[in-house]
Amino acid sequence: MTGAWWDDDDALLGAIKVALEAAEDVPANFVETGKAFFAWHDIDADLAALTYDSASDPLAGAGTRADPAALRNLTFDAGRLTIEIEIIGDVLHGQVVPPQAGEIEVRRADGTSHPLPISDIGYFTTAAPEGTFRLYCRTTGDIVVQTNWITL
């Protein structure tokens, strides 16, 4: 009876060494982002799916001047609530539809968050976040929604 490679201690230790070395080659921020994608922080929040991203729309800049503005539009829809955001330069402008007051949090993949008020007309603004983040929205109408992860 011939043994399998894992029956040989030296071969097994060699395979483990190769696997550990390969794991060290993965950038730390890549691992952090991967873990954040699978973390479900609020089971009661509806997931607002990305339904529009001007960065992937070939017609988004058509017919404009030669020097387009640094502008990006994203729309997230959760059925009862839509979150529209527009990034102009280093500022994020947002609107919840239908308009209503509440609070929105910018939640970064590293676990930090930044709460912002939503005005009575559904408007909010903040500095455009760097890295990977998601928006977590709680309206005064008791609607709780979070977006997919976003990287600008």
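Let us look at the structure shown here. In this text, all values refer to a predicted model and were calculated from it rather than measured experimentally. (Residues numbered from 1 in each chain as written. Predicted model: local features only at pLDDT ≥ 70, side-chain atom pairs only at ≥ 80, totals over all residues. Heavy atoms only, no water.)

A closer look at the overall build of the protein chain
Helix and strand counts for the protein chain stand at 2 helices and 10 strands. In the protein chain, the succession of helices and strands from N to C terminus is α-α-β-β-β-β-β-β-β-β-β-β. Residue burial in the protein chain is summarised as follows: out of 152 residues, 32% are buried. Of the contacts made within the protein chain by residues no fewer than 6 positions apart, 50% connect residues no fewer than 24 positions apart. Carbon and sulfur atoms make up 58% of the accessible area of the protein chain, which totals about 9,800 Å². (Helix = DSSP H or I, 4+ residues; strand = E, 2+ residues; numbered from the N terminus. Buried < 20%, exposed > 50% of the residue type's maximum accessible area, 1.4 Å probe, protein only. Contact = heavy atoms within 4.5 Å. Areas by Shrake-Rupley, 256 points an atom, 1.4 Å probe, with all protein chains shown as cover.)

Structural notes on the pattern of salt bridges
Taken as a whole and judged by the stated rule, the model has 3 salt bridges. As a salt-bridge pair, Arg-72 and Asp-53 come within 2.6 Å of each other at their nearest N and O atoms. Remark: Asp-53 occurs in strand E1 (residues 46–53) and Arg-72 occurs in strand E2 (residues 71–77); sequence separation between them is 19 residues. Residue classification places Arg-72 among the buried positions, given a relative accessible area of 18%. By relative accessible area, Asp-53 is classed as buried at 13%. (Salt bridge = Lys/Arg side-chain N within 4 Å of Asp/Glu carboxyl O.)

So, the packing of aromatic side chains
Throughout the structure, instances matching the rule amount to 0 aromatic pairs. The cationic tip of Arg-107 hangs over the ring face of Tyr-136; the distance from NZ or CZ to the ring centre is 3.7 Å. (Phe/Tyr/Trp six-rings, centres within 6.5 Å; stacked < 30°, edge-to-face > 60°. Lys NZ or Arg CZ within 6 Å of the ring centre and 35° of its normal.)

As for a negative patch on the surface
Where like charges cluster on the molecular surface, the negative patch consists of Asp-7, Asp-8, Asp-9 and Asp-10. If you trace the backbone, Asp-8 turns up in the segment before helix H1 (9–24). For Asp-8, a relative accessible area of 40% corresponds to the partly exposed category. (Patch = residues over 30% accessible without salt bridge, like charges linked within 9 Å, V, L, I, M, F, W, Y side chains within 5 Å. Lys, Arg positive; Asp, Glu negative; His and termini not counted. Charge placed at Lys NZ, Arg CZ, Asp CG, Glu CD.)

A word on the nonpolar core
Judged by nonpolar contacts, the single largest core of 22 residues is most densely connected at Ile-83, Ile-85, Ile-104, Phe-124 and Leu-135. Secondary structure elements with two or more residues in this core: E2, strand E3 (82–88), strand E4 (91–97), strand E5 (102–108), strand E6 (113–118) and strand E8 (132–139). With residues up to four places along the chain from it excluded, the contact list for Ile-85 reads Arg-72, Asn-73, Leu-74, Phe-76, Leu-92, His-93, Gly-94, Phe-124, Leu-135 and Ile-150. (Core = buried A, V, L, I, M, F, W, Y, C linked by side-chain atoms within 4.5 Å.)

Side note on a nonpolar patch on the surface
On the surface, a nonpolar cluster with roughly 360 Å² of combined accessible area is contributed by Leu-12, Leu-13, Ile-16 and Leu-20. Structurally, the position occupied by Ile-16 is in helix H1. Ile-16 sits in the partly exposed class, given a relative accessible area of 41%.

Some thoughts on unusual backbone geometry
Residues Val-97 and Pro-98 are joined by a peptide bond in cis, for which omega reads 0°. Phi angles above zero are rare outside glycine, and Asp-142 is one such case at about 60°. By the secondary structure assignment, Asp-142 is in the loop between E8 and strand E9 (144–147).

Some details on the side chain of Glu-105
For Glu-105, the location among the structural elements is in strand E5. A polar side-chain atom of Glu-105 sits 3.2 Å from a polar atom in the side chain of Arg-107. Here Glu-105 is in contact with Ser-113, His-114, Pro-115, Arg-134, Leu-135 and Tyr-136, once residues within four sequence places are set aside. (Polar contact = N/O pair within 3.5 Å; in protein donor to acceptor, adjacent residues only side chain to side chain.)

Thoughts on the environment of Thr-132
If you trace the backbone, Thr-132 turns up in strand E8. In terms of polar contacts, Thr-132 uses its side chain to reach the side chain of Thr-151, at 2.9 Å.

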